[in-house]
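These are the residues of each chain, in order.
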Amino acid sequence: MTQQTATPMRAVQARPITAAAFAPFGDVVEVGTVAPVSINAGLCDRFSDLASFDIEGGKLGLSLFQAELRALPYTCDLLERHPLGSQCFVPMSAARFLVIVAPDENGRPGPPQAFVATNTQAINIARNTWHGVLAPIEGSGLFAVIDRIGDGTNLEEHWLEEPTLITL
């Protein structure tokens with residue numbers, strides 16, 4: 001009888017996302033971070049310029065992503081980054097979603113961190129930032145995504161030698 005060895009796994013507890021905690025990885029886009037401008041005869045507040053889109057070549061495009069809901073605890077074993085452009089994820093239903101990011105350590109992802117964002121928050125992941133795949137944990141899984149569209153290689157994937165278990 002052969003004995004199987006378990007894959008080593010680090011554990012990370014996801015915490016609520018805040019603009020300050022997420023700043024090294026991009027922008028949290030939400031109401032209240034800038035003063036609104038009243039428009040439409042005072043019936044609407046506009047909160048302007050909430051994210052810094054950063055693309056190299058190509059153009060900004062708006063796409064829809066339909067992601068499967070993920071169960072908790074969630075095992076993250078793949079991180080990716082986009083060297084040619086930032087990516088902004090906007091939930092389109094009442095939802096919560098995991099945001100998994102990692103610093104760059106000599107071209108490879110460092111230790112992952114995990115956040116939980118809600119349907120009142122969008123996130124804009126900075127260009128060339130290691131991040132997990134879209135991982136909704138509630139809602140429909142439908143997101144509007146603003147990112148770079150164009151020629152060139154804009155996806156780099158890294159399979160983690162030590163998967164990370166994400167809990168709340």
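See above for the structure.
Structural notes, computed from the coordinates.

Calculation criteria
Residues numbered from 1 in each chain as written. Predicted model: local features only at pLDDT ≥ 70, side-chain atom pairs only at ≥ 80, totals over all residues. Heavy atoms only, no water. Helix = DSSP H or I, 4+ residues; strand = E, 2+ residues; numbered from the N terminus. Buried < 20%, exposed > 50% of the residue type's maximum accessible area, 1.4 Å probe, protein only. Contact = heavy atoms within 4.5 Å. Areas by Shrake-Rupley, 256 points an atom, 1.4 Å probe, with all protein chains shown as cover. Lys, Arg positive; Asp, Glu negative; His and termini not counted. Charge placed at Lys NZ, Arg CZ, Asp CG, Glu CD. Phe/Tyr/Trp six-rings, centres within 6.5 Å; stacked < 30°, edge-to-face > 60°. Disulfide = S-S within 2.5 Å. 1 Å grid on protein atoms, 1.4 Å probe; cavity = no way out; pocket = protein on both sides within 12 Å on 5 of 7 lines; lining within 4 Å. Points joined across faces, edges and corners; volume = space filled by probe spheres on them. Nonpolar A, V, L, I, M, F, W, Y, C, P; charged D, E, K, R; others polar. Core = buried A, V, L, I, M, F, W, Y, C linked by side-chain atoms within 4.5 Å.

Looking now at the overall build of the protein chain. If you tally the helices and strands in the protein chain, you get one helix and 17 strands. With the principal axes as the frame, the protein chain shows a C-alpha extent of 75 × 35 × 30 Å. A buried classification covers 38% of the 168 residues belonging to the protein chain. Considering only residue pairs separated by 6 or more positions, the protein chain has 82% of its internal contacts joining residues 24 or more positions apart. About 9,300 Å² of surface is accessible on the protein chain, with carbon and sulfur atoms providing 52% of the total. Averaging the positions of the 10 positive and the 18 negative side-chain charges in the protein chain gives two centres separated by 1 Å.

Next up on the list: the packing of aromatic side chains. Within this structure, the stated rule accounts for four aromatic pairs. Seen from their ring centres, Phe22 and Phe25 are 6.0 Å apart, and the 45° between their planes marks the pair as tilted. Considered together, Phe22 and Phe25 belong to a single accessibility category, that of buried residues. A centroid spacing of 5.1 Å and a plane angle of 80° characterise the contact between Phe97 and Phe143, whose relative ring orientation is edge-to-face. Highlighted residues: Phe97 in strand β9 (residues 96–102) and Phe143 in strand β16 (residues 142–149), separated in sequence by 46 residues.

Under the counting rule described, the total for this entry stands at zero disulfides. In this model Cys88 remains outside any disulfide bridge; the closest cysteine sulfur is found in Cys44, 18 Å from its own. On the accessibility criterion, Cys88 (4% relative accessible area) is buried.

So, about empty space enclosed by the protein. Tallying each qualifying case throughout the model produces one cavity of 30 Å³ or more. As for the largest cavity, its lining consists of Phe89, Phe97, Leu98, Val99, Ile100, Ile123, Ile125, His131, Gly132, Val133 and Leu134. When residues of the lining of the largest cavity are traced back to their parent elements, those giving at least two are β9 and β13 (122–125). Considering every element that reaches the lining of the largest cavity, the biggest residue donor is β9, with four residues. Class assignment of the residues belonging to the lining of the largest cavity gives a composition of nine nonpolar, two polar and no charged.

As a volume, the largest pocket reaches approximately 160 Å³. If you trace the largest pocket, you find 13 residues lining it, with Val29, Leu50, Cys88, Val90 and Ala122 closest to the centre. For the lining of the largest pocket, the leading source of residues is strand β8 (residues 87–91), giving three residues.

Turning to the nonpolar core, a few remarks are in order. The biggest cluster of nonpolar side chains holds 16 residues, and the ones touching the most others in it are Ile17, Phe22, Phe89, Val99 and Ile123. For this core, the leading source of residues is β9, giving three residues. In this structure, Phe22 is in contact with Ile17, Asp27, Val28, Val99, Val101, Phe115, Ile123, Asn124 and Ile125, ignoring residues within four places of it in sequence. Ranked by size, the runner-up nonpolar core spans 15 residues in total, among them Val12, Ala14, Leu98 and Ala135.

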